[in-house]
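# Coordinates in review
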Amino acid sequence: VVNESQDGVADQSGIATTWDLAAQFNPNGDVSVTPSNKLQRTNRAAFDETRDPLRVLQNTSALRLAYHPGGALRDSRMGFSAALEGSYRIARFIETPELDREEAGGLLEARWNFLPRTAVFASGTISRISYQQNVIATVADDDAGIASTSVLQANSTPWRVSGGLSGLLLPRLSVLLRGGFG
């Protein structure tokens, strides 16, 4: 005899995999370009055996443009460097398509190395998350006395800014101080 709760937990198991492809053009030059694509299937178990797991297919495409005058030896090079990145992600939920969404985002990073292996840095990200369905409706059950309800999924524009200091204290000891908002 198999325990019913074990069957419920076993139904939530599945394969999680990631395929990542990127190519960097002119990696040691003053300007480098890195297109990338990441295909990911995740499998997150539900909070209990009565709910469906969250199985998600995600595809993220990105393009990163980096500027590092004097070459890309970033650890020991003095001076300024910066990067700009744009990305687009599609997320499809297998069992719960009402959670499907798309996300377009951007990233800006700047770094100034003022000592070998010591730098001040700042970064900012912003993205636009758009849901395929903005309203998730639940069906009323008159027999159980449950009223019809709906949940609104609001599209959003999250952003984050941060900055800090990273440096090498000893040959095998470094420090990273970071603060931010978002």
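Here's what I pulled together on the structure shown here. Computed from a predicted model, the values in this text were never measured in an experiment. (Residues numbered from 1 in each chain as written. Predicted model: local features only at pLDDT ≥ 70, side-chain atom pairs only at ≥ 80, totals over all residues. Heavy atoms only, no water.)

## Side note on the packing of aromatic side chains
As enumerated under the stated definition, the model contains two aromatic pairs in all. Between Trp112 and Phe114 the ring centres are 5.5 Å apart and the planes differ by 35°, which places this aromatic pair in the tilted class. Judged by centre distance (5.5 Å) and plane angle (50°), the rings of Trp159 and Phe181 are tilted. Taken together, the residues span a long stretch of sequence, with Trp159 in strand 9 (residues 159-170) and Phe181 in strand 10 (residues 173-181) at a distance of 22 residues. For Trp159, a relative accessible area of 44% translates into the label partly exposed. With a relative accessible area of 55%, Phe181 lands in the exposed category. (Phe/Tyr/Trp six-rings, centres within 6.5 Å; stacked < 30°, edge-to-face > 60°. Helix = DSSP H or I, 4+ residues; strand = E, 2+ residues; numbered from the N terminus. Buried < 20%, exposed > 50% of the residue type's maximum accessible area, 1.4 Å probe, protein only.)

## Description of the pairing of strand 10
Along strand 10, only zero of the nine residues are buried, which leaves the element largely exposed. With nine bridges joining them, strand 9 and strand 10 adopt antiparallel strand pairing. When the bridges of strand 10 are listed, Gly167 appears paired with Val175. Here strand 9 folds back onto strand 10, and the loop between the two strands holds two residues. (Pairing = 2+ DSSP bridges.)

## Considerations on the pattern of salt bridges
Here the structure, examined in full by the defined rule, presents five salt bridges. Between Arg64 and Glu85 there is a salt bridge, with the nearest N and O atoms lying 3.0 Å from each other. Note that Arg64 is positioned in strand 3 (residues 54-67) and Glu85 in strand 4 (residues 79-93), a separation of 21 residues in sequence. For the salt bridge of Glu109 with Arg64, the shortest nitrogen-to-oxygen distance reads 2.5 Å. Here Glu109 is found in strand 5 (residues 101-115), whereas its partner Arg64 is found in strand 3, with 45 residues between them in sequence. Accessibility expressed as a relative area gives 30% for Glu109, which makes it partly exposed. (Salt bridge = Lys/Arg side-chain N within 4 Å of Asp/Glu carboxyl O.)

Note that every value here comes from positions in space, so none of it alone points to a role or purpose.
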